[in-house]
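Next come the chains, spelled out residue by residue.
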Amino acid sequence: MTSIGTGYDLSNSVFSPDGRNFQVEYATKAVENGGTAIGLRCKDGVVLAVEKLIQSKLLVPGSNKRIATVDRHVGIACAGLIPDARHFVSRARNEASSWRKGYYGPIPISSLADRMGQYAQTYTLFSSVRPFGVTSIIGGLDEEGGPSLWMVEPSGVTWGYFGAATGRGRQAAKAELEKLDLPNITVEEGVKHAARIILIAHGDNSGKDKDYELEMTWVRMPPNGEAEIAADGTVRGYGRHEEVPKDIVEQAEKDAKKAVEGDDDDEKMAES
Amino acid sequence: MNHLPEAWGRPRDDIYGAYDHQYVSASNPNQHTTSPVVTGTSVVALKYNGGVVIAADNLASYGSLARFTNVERLKQVGSHTVVGASGDVSDMQFLFDEQLEQLIISEEYQNDGHHLRAKHIYSYLSRVMYHRRSKFNPLWNVLLVAGWDDGKPFLASTDLLGTTFSGPALASGFGAHLAIPLLRRVCPDEAAVANITREQAISVIEECMKVLFYRDARSMNKYSMSIISGEGDKVEIEHRKDIQLKQQSWKFAESIRGYGAQVV
Amino acid sequence: MFRNNYDNDSVTFSPQGRIFQVEYALEAIKQGSAAVGLVSNTHAVLIALKRNAEELGSYQKKIIGIDTHLGVALAGLAPDARVLSNFMRQQSMSSRFLYNRPVPVARVVNAIADKAQVNTQHYGRRPYGVGLLVAGVDETGPHLWEFQPSGMVLEYRGAAIGARSQSAKTYLERNYESFGDATREELVLHGLTALRDTLAQDKELTTANVSLAIVGKDEKFKLYDGDEVAEWLEKLGNTQSSRGSRGAAAAPPAPEAAAPAGDSMDVDA
């Protein structure tokens, strides 16, 4: 399946005769083996969702979160090598903090995504390091400009998206995302679609007998377009990256099952 | 390996720490804060049987000039705590808008059910203040930290010297001289806190703010008050802004030479 | 076992996207003797099987206290565990000094996860060769985390690492639903039973080779060794290995190199 690089693939930063950095391509393989992660940019916010494969019954449900918060208004969902994801998020947090020190405000998502793309890319320049084995979906709300969604790949390539998918189920997820009219759906509708898409992406790839836990977060715009500021000066509820409330997630999963299976007695599907 | 000039002849960064570039910069000598420039005056606070009341006026003085009259010197930090600052306003802004803001952001994004409460924020601030004083570059403030922690009201003070203490009735600046005796009439010790109601506490603090306006020449008649009320694990914080002093009586000025209708 | 062009350092991905050096580091853990951890709603318990290199020698310490609310059990390269546990102690002290609070378990675990991940991305460094079970109690209750050299950390209700730990995992998977409400005593006995399943043939749990640590909401972290373990072994009753004594009901056979008592280098316990 993979073309072996015959000597040009042993070191990072090395170009093969046809201009490829094989280590970066191999890093992408690591991403393809990870659980699916998707992001949806809706008209009034952003939804992130991750398929967390349950490797053991002994894992504490609700813990081991895969979607991280950066500053207050940004979320990052990664697929691939989880330790690399943590490193990536840690850097993003530092970038957001240093932006605050310099400019006294929250970092715009586009600036953060750009910086993270640059950061990932530097790990493709030297043979003394290896590329990140993660693709990260960065989503959030800007003070001006509204919701925005970006995806950073191991090569450092960063594009803005209305719908993004990565990980093992990305083909199925992308196909579903393309069917949606994302700029015109609300975040609440987005949550339902995200649950359904993760269900489909899981079913296609991992087989229906392996359990998964659905983790979903959102960043929502307040209805009148202005952020709701709390007494302590922070942006509350709206405008903050938060976990989607449990009851909404559960309902979305039920609806997803109905939509996909027809009725929910048929298969023994995952319960979160 | 770092082959750049500043590393020549130097032992490894990972063992001896990163190179301190202050040694190669050609900029002006370091200046340390030796006196405050724009300042805020007293902060006053009192515990009561269900929480704490804290207040500070909205003035930032530039020496004897009443320069800025809409300054908020109380800040809510997290969901359990209010910090009040007197002293240098730029240092206050550094603490409120950079340090404490980032502290809370970094705590919240962990998303693990842990939150920083009053005693943690107090501990953090005291360490920062003492650390700065030990470098002879103090943050020229006196900070009052008020909150609800462990099912009880919390109130403590830390200052530019790193001195820390706590008590049921505290005030900084002129308040330490004028307000504390008034507060102590209602609350002579920690035990008395159990008998003070919220309304009583608010009215005592209002009286203190009035007295301070009478006698503190660097104060103002508009102030903010925050009321932290807790029950068990639950905390609610109410902020009142732009409070005007009520029922002032300047009659005493008539008997002072140079004021009022003096004839002799 | 593996051996290919892509396994020389941790900065090389294989064509399948694997980092072999990290996977090899995980093998080092399997060479160490077993350690088991489990949590209830009130307590967290660590139990480990100690090993000695020779009969007259001392047994390798397997459990390290970090703070009064936190401790770790190790399997793999003990010197690496020392480095990590010293770091955890620093983090712990720093939290108490700066914030006047015991460090939340998840925070200190994330700190070592990030530390370990750096070693998997830079040339010239090797991954840490030790797995840790971190057990502690903080304001959100008792927690158990498993740390791996890859920098992966996961929170569990029950976990086991080290030689023949799969047998312990099987026991834990069968019984974890009763851990939550278990009493302190029941929890320890569950742990000892799980550990017993990791014993090699003809071995048994003794006061010399069992190390036990308990921490609870109202109980400071305490390590029990030697005679202090005796009362627990008595409560357990049967301290014998079940390997080789019964047919299919016995714990699955352990084909990997059985604990080489004398010939491994300085690999732990």
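Now for a look at the structure at hand. This is a predicted model, so every value here is computed, not measured. (Residues numbered from 1 in each chain as written. Chains lettered and ligands numbered in written order. Predicted model: local features only at pLDDT ≥ 70, side-chain atom pairs only at ≥ 80, totals over all residues. Heavy atoms only, no water.)

**Here we look at the sheet that holds strand 10 (residues 241-243) of chain A**
All names here are of chain A.
Step number 1: Here 5 strands make up an open sheet; going across it, the order is 8-1-2-9-10 and the pairing antiparallel. Each edge of the open sheet is held by one strand with a lone partner, namely strand 8 (163-166) and strand 10. Across this sheet, the average inter-strand angle for adjacent strands is 15°, counted without regard to direction.
Step number 2: Inspection of the sheet shows strand 1 (residues 37-42) paired to strand 2 (residues 45-53) by 6 bridges, in the antiparallel sense. Looking across to strand 2, one finds that Ile38 is bridged to Ala49. (Pairing = 2+ DSSP bridges. Helix = DSSP H or I, 4+ residues; strand = E, 2+ residues; numbered from the N terminus. Axes fitted to C-alpha atoms, helices over the stretch in contact; angles between N-to-C directions.)

**Observations regarding the pairing of strand 5 (residues 130-138) of chain C**
All names here are of chain C.
Step number 1: Across the 9 residues of strand 5, 9 count as buried, placing the element largely inside the fold.
Step number 2: Neither face of strand 5 is open: one carries Val130, Leu132, Val134, Gly136 and Asp138, the other Gly131, Leu133, Ala135 and Val137, and all of them are buried.
Step number 3: Where strand 4 (residues 70-76) lies against strand 5, 7 bridges are found, and the strand directions are antiparallel. In the strand pairing of strand 5, Leu74 is matched with Leu132.
Step number 4: The loop that links strand 5 with its antiparallel partner strand 6 (residues 141-147) comprises 2 residues. (Buried < 20%, exposed > 50% of the residue type's maximum accessible area, 1.4 Å probe, protein only.)

**Thoughts on the interface of chain A and chain C**
Step number 1: Tallying the contact residues gives 32 residues for chain A and 33 residues for chain C.
Step number 2: Across the chain A to chain C interface the summed buried area is about 2,800 Å²; carbon plus sulfur atoms make up 57%.
Step number 3: Considering only the surface of chain A that becomes buried against chain C, Leu58, Arg86 and Arg130 of chain A emerge as the three largest contributors, covering 28% of it.
Step number 4: One can count 1 salt bridge joining chain A with chain C.
Step number 5: For Asp114 of chain C, the salt bridge identified is with Arg86 of chain A, shortest N-O distance 3.2 Å. (Contact = heavy atoms within 4.5 Å. Buried area = accessible area lost by both parts, 1.4 Å probe. Salt bridge = Lys/Arg side-chain N within 4 Å of Asp/Glu carboxyl O.)

**Remarks on the pattern of salt bridges**
Residues and elements named next belong to chain A.
Step number 1: If you walk through the whole model with that rule in mind, you get 40 salt bridges over all chains.
Step number 2: The partner of Lys52 in a salt bridge is Glu215, with the nearest N and O atoms 3.1 Å apart. Note that Lys52 is positioned in strand 2 and Glu215 in strand 9 (residues 212-220), a separation of 163 residues in sequence.
Step number 3: Judged by its relative accessible area of 8%, Glu215 falls in the buried class.

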